[in-house]
Every structure is written in structure tokens, then in C-alpha cells.
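The lines below spell out each chain.
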Amino acid sequence: MPEIDKFFHFLAKQGGSDLHIRTKQRPMMRIDGGIVALNIPAMDMNTCQRLLSEICPDRNWKEFLECGDTDFSYEVPGLARFRANLMKHQPGDSIGGVFRIIPSEILTAEQLNLPPAILRLCMLPKGLVLITGPTGSGKSTTLAAMIDYVNKNRKDHLLTIEDPVEFVHESKGCLVTHREVHKHTQSFKRALRGALRQDPDIILVGELRDLETTAIAIETAETGHLVFGTLHTTTAASTVDRIIDQFPAEQQEQIRQMLAESLKGVIAQNLLKKKTKGRAAALEILIVNTAIANLIREGKTFQIASSMQVGAREGMVLLNDALLRLVAEGHVEAAEALNKAVDKKDLQQKLRVAFGGE
């Protein structure tokens, strides 16, 4: 057993999400959103290098030495998979690794209590569905539950393109094909272009990380495929702006038209510390109806939040309303909700109305 595996077992036992290994510091874990140092001595360069190189594939170790960082996946049989990033950093020639645990058991839509509006997105014949949020917000867990729901309830070809592959879905109702960037294909855009010749019905793109990948994803959704993707944005409205702003000014009008037709939903997620152990998810949900599509087409994305307020019957939820519900149900403190809010003044007003001036 690789020496570093004992740290992974301890991370899982403590319910942590990330392990940090680096030279001249003690190993650290992220538990319930906070960083905690292990009660062992700081690691020297030789120890750190031995731990990291033992599990790093040769191609990635070469890339790490030449480029200063690399990404790969690692599995501890019977425990979990891990998303790994190795990096060089200050001071001097220090090196380190960060490992995000990906549980072997995929949480289901029922276990996460995903609302009906999200499940309806999973059953669409075509379109673009985006799951967004900052790093560590639980996007991968929510997306995995949605893909699991698709896999159980449809009979289609489901193709995933990721860097690296995180959750592994066995074929159930669907035929599932996993492709990993740098292992099975050179890039997201190359894999997406090739996907159209691989008879997919549903495509998961791990991250819309550049303009060309985003453009191909939108085109693929327009041509009769259901495309899932992720972005690092905090609200539904800012997600639409982020996509459009990626493109040169002379292309933005065309992209607005395409996005108005292809975008079907945005789930913007945040994780909050619970009063008790663990974390709770606040989900902002945008369902693109005719009114929202017209706002995108006309470049009036600043009005999306107002339209979402009147779209509650279609399952739309604003972030502040999701945060308020978590406070009202006693899951999180008001201060924690305010910390995660984008429009803090609006949430403060909602909290005062709900709790009589608290």
C-alpha cells in the first residue's frame, strides 16, 4: 500500500473533503469547510517527494517537473477516488499536493433532496444545463446525482468528458462512456468535436474552461443533444453574463441568440457550515422560460433576477431565498448565510422581516 494511503483513510474517517501535503509544513485537512493541521511533524522535501511520486502517473510526474503543476485522479480500492493536483510553490523549490475526496458511493437525487425542477432538467431531450458555484461548493456532488438520475431513468448513450474523471457511473438504464482529458483525448474541445461521431444523446463536459469549448458545447446543445457543464460563477444571472462576455464583441449578439435557444437551466450552488457537524447546500435555480429567453436575447440579463422572483411556480429559486430557508429551518446561522450572500442588503432585509428585527 502506498504510504500516502494512510492519510487518505484518516481523511475519510474524519469526514474531511481535502488533504494538503506540502514541504516544511504539517499535513492538513479540510473538515466542514475549515483547515485543520494534523498532529505530526512538518514534512521535509524528501518525504513529500516520496509520498507524491509514489502515486503519480509517470506522464503526470514528468509534466509536474517540467511545468510546475499537474492534475490526475487516484483511487484507493474500497475507499474512494481522489482528484489530485501537484504544484511547486514558494518558498524556493517547495512542492505540494492537494487531494479532493470523491466518495465511491454516489449520493442520489433523493438523498440530496433535489427539487422536481432540477429532475425535470435531467429528462430534457436537448439543451444546455449548467451547474455553477465557487470551488468547493459541491458542484461535482450535485452533478453526479443528476447524472445518476439520468442513468437510472433514461435509455440513452451518456458520454462524459472530464479532467480528471471524478465519479464513475456504471451503465444502468444508459450506456455510459467516460473519457478523461490527457488520458483518452488531448483536450475538451477535441473530445467535444469527436463526440458528435460517437452517437451520444447526453454529454457531460467537466468544465467550460475556454471560449472554444463553450462555443462547441452551445452548438452541441442546439443540434439535439442534452449537455451538462460546470462554471465557476456564483449566481444564475452572472453565469449568463460570463458566457457571453467570453466572446469577442462582434460575436456576442449571435451568442445571445444561440444561448436564448439552447440554455435550459442554471443551478448555482453554495455550501454553508451547519450549526451541527457538516454542511448544507443553498441552490439558486434558474429555469429558462420564454420570458428569460427573451431577456437573454435582448441583452437584459440584469432583469433575470426579477423574472426569477415571479417564476417560483416553475421551480425557480433566488440564492437569498435559498439562504433564508436554511436559516428559517435552523440548519445554519444567519451570519453564515450573510457571508455567502451576493446581495447582502437584500438578505439582511429578508432576515429582519422573517425574524422581527434580528
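For the structure itself, consult the block above.
Residues numbered from 1 in each chain as written. Predicted model: local features only at pLDDT ≥ 70, side-chain atom pairs only at ≥ 80, totals over all residues. Heavy atoms only, no water.

Enquirer: Is there a simple way to explain the sheet that holds strand β6 (residues 94–103) in this structure?
Expert: Hydrogen bonding along the main chain pairs the strands of a sheet, whether they run parallel or antiparallel. Here six strands make up an open sheet; going across it, the order is β3-β2-β1-β6-β5-β4 and the pairing antiparallel. Edge positions in the sheet fall to β3 (34–37) and β4 (69–76), since each has one partner strand and no second. Put simply, the sheet's adjacent strands are angled 25 degrees from each other on average, direction ignored. Alignment of strand β1 (residues 18–22) against strand β2 (residues 28–31), held across three bridges, turns out to be antiparallel. Across the sheet, residue D18 finds its bridge partner in β2, namely R30. Strands β4, β5 (80–89) and β6 of the sheet are contacted by helix α3 (residues 58–67), whose axis makes an angle of about 150 degrees with β4. (Pairing = 2+ DSSP bridges. Helix = DSSP H or I, 4+ residues; strand = E, 2+ residues; numbered from the N terminus. Axes fitted to C-alpha atoms, helices over the stretch in contact; angles between N-to-C directions. Contact = heavy atoms within 4.5 Å.)

Enquirer: Quick question: what am I supposed to make of the layout of surface pockets here?
Expert: Over the atoms, a rolling probe the size of a water molecule traces out where space has been left empty. Size it by volume and the second largest pocket reaches roughly 310 Å³. Around the second largest pocket, the lining comprises 16 residues; the ones closest to its centre are E284, A305, L318, N320 and D343. Looking at the lining of the second largest pocket, the elements with two or more residues in it are α8 (236–245), α11 (304–309), α12 (319–328) and α14 (344–355). Broken down by element, the residue count for the lining of the second largest pocket peaks at four residues, all from α11. (1 Å grid on protein atoms, 1.4 Å probe; cavity = no way out; pocket = protein on both sides within 12 Å on 5 of 7 lines; lining within 4 Å. Points joined across faces, edges and corners; volume = space filled by probe spheres on them.)

Enquirer: Sorry, what's going on with the sheet that holds strand β7 (residues 127–132) here?
Expert: The seven strands are arranged β9-β8-β10-β11-β7-β12-β13 in an open sheet whose pairing can be described as mixed. Of all strands in the sheet, those with a lone pairing partner are β9 (175–180) and β13 (279–287), marking the two edges. Neighbouring strand axes in the sheet, compared pairwise and without regard to direction, differ in orientation by 15 degrees on average. Of the pairings in the sheet, the one linking β7 to strand β12 (residues 263–273) comprises five bridges and is parallel in character. What sits directly across from V129, in β12, is G265. Running at roughly 165 degrees to strand β8 (residues 157–162), helix α6 (residues 188–195) makes contact with β8, β9 and β10 (202–205) of the sheet.

Enquirer: Where do I start with the state of the cysteines in this structure?
Expert: Disulfide: a covalent bond formed between the sulfur atoms of two cysteine residues. Enumeration over the complete set of coordinates arrives at zero disulfides. Between C122, a free cysteine, and C174, which holds the nearest cysteine sulfur, the sulfur-to-sulfur gap is 11 Å. (Disulfide = S-S within 2.5 Å.)

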